[in-house]
Amino acid sequence: MSNNSVSKPEGNTSLENVLRALQQEEVIAYPTEAVFGLGCDPDSEKAVSALLALKQRPWQKGLILIAASYEQLKSYVDDSVLSDMQRETIFSCWPGPVTWVIPARIETPRWLTGSFDSLAVRVSDHPLVQQLCSQYGKPLVSTSANLSGYEPCRTAEEVRIQFGPSLMVLPGKVGGRLNPSEIRDVLTGKQFRQG
């Protein structure tokens, strides 16, 4: 019994610390379906700028948002341009490892869309991502946790080696997938990245 009471608060504390870091506009790392992701609050230009600097990624490339549900994504993507069939196609893959590129709402910040009028979004089936986004109450920016030119991190230890001990890491295991998520365009069906 004492084992459970010792290990349970640690898990809660970790999640609470990560949620607090998000609220304070910090960058975090967390496990996803295949690799660890770097994430932050998508509505914070300060946090996204810090993430892009850490990742050494140009803002023009745009970013992926990861969420617990499609509802969390509706304030960023223009659902009104999608047909029922396109929605069915999206929902047949979610929650899961397919990222869809969907036209962005006019209000969606450029720091998310980059030089595009669309946004890449995914509803994850990873339990820790589901929990994190549900408890934070919104999607998170998601890009693979690796420095430019390095392999994506698959463990919390690899994240610490590449990014140092000051980055807040949500402990846990990545899902069983070998490749990052497939990326497809919802309007054309074009595949940008194979999963």
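Residues numbered from 1 in each chain as written. Predicted model: local features only at pLDDT ≥ 70, side-chain atom pairs only at ≥ 80, totals over all residues. Heavy atoms only, no water.

## Considering unusual backbone geometry
Residue tryptophan 94 is joined to proline 95 through a cis peptide bond whose omega torsion reads -10 degrees. Position of proline 95 relative to the elements: it lies in the loop between α3 (84-93) and β4 (98-103). The backbone phi angle of glutamate 25 is positive, close to 60 degrees, even though this residue is not glycine. Here glutamate 25 shows up in the loop between α1 (2-23) and β1 (28-31). Overall, the relative accessible area of 33% leaves glutamate 25 in the partly exposed class. Of note, glutamine 56 is a non-glycine position whose phi angle comes to about 60 degrees, a positive value. One can find glutamine 56 in the loop between α2 (45-55) and β3 (64-67). (Helix = DSSP H or I, 4+ residues; strand = E, 2+ residues; numbered from the N terminus. Buried < 20%, exposed > 50% of the residue type's maximum accessible area, 1.4 Å probe, protein only.)

## What to know about the side chain of lysine 55
The residue lysine 55 is located in helix α2 in this model. With no salt bridge to any partner, buried lysine 55 finds its closest opposite charge in glutamate 151, at an N-O distance of 11 Å. Lysine 55 has contacts with Leu38, Thr143, Ser144, Asn146 and Ser148, leaving out every residue within four places of it along the chain. (Lys, Arg positive; Asp, Glu negative; His and termini not counted. Salt bridge = Lys/Arg side-chain N within 4 Å of Asp/Glu carboxyl O. Contact = heavy atoms within 4.5 Å.)

## Notes on the environment of glutamate 33
Looking at where glutamate 33 falls in the secondary structure, it is placed in the loop between β1 and β2 (36-39). The class of glutamate 33 is buried, set by a relative accessible area of 7%. Through-space distance from the C-alpha of glutamate 33 to that of leucine 178 is 8.6 Å; in sequence the pair is 145 residues apart. When residues no more than four places from it in sequence are discounted, the contact partners of glutamate 33 are Gly96, Pro97, Arg122, Ser124, Asp125, His126, Val174, Gly175, Gly176 and Arg177. Among the polar contacts made by the side chain of glutamate 33, one reaches the side chain of serine 124 at a distance of 2.9 Å. (Polar contact = N/O pair within 3.5 Å; in protein donor to acceptor, adjacent residues only side chain to side chain.)

## Details of the confidence of the model for the protein chain
Any region with low pLDDT has predicted coordinates that should not be read closely. Considering every residue of the protein chain, the mean pLDDT works out to 90; 93% of them sit at 70 or more. A low-confidence stretch, residues 1-13 (pLDDT under 50), is modelled with one contact involving residues beyond four sequence positions or located in other chains. (pLDDT = per-residue confidence, 0-100.)

## Description of the sheet that holds β4
In spatial order, the strands read β7-β1-β2-β6-β3-β5-β4-β8-β9; together these nine strands make up an open sheet with mixed pairing. Both edges of this open sheet fall to β7 (168-169) and β9 (191-193), since each of them pairs with a single strand only. Sheet analysis places β3 next to strand β6 (residues 140-144), joined by three bridges and oriented antiparallel. Note that in β6 the partner of isoleucine 66 across the bridge is leucine 140. Lying on the sheet, helix α5 (residues 127-136) is in contact with β1, β3, β5 (118-123) and β6; it crosses β1 at an angle near 135 degrees. (Pairing = 2+ DSSP bridges. Axes fitted to C-alpha atoms, helices over the stretch in contact; angles between N-to-C directions.)

## Notes on the pairing of β4
Burial within β4 is extensive, with six of its six residues counted as buried. Examined bridge by bridge, β4 and strand β8 (residues 182-185) share four bridges and lie parallel to one another. Across the sheet, valine 101 pairs through a bridge with aspartate 185, a residue of β8. Both β4 and β5 contribute to a ladder of four bridges, which runs antiparallel. Bridge pairing in β5 links proline 103 to serine 118.

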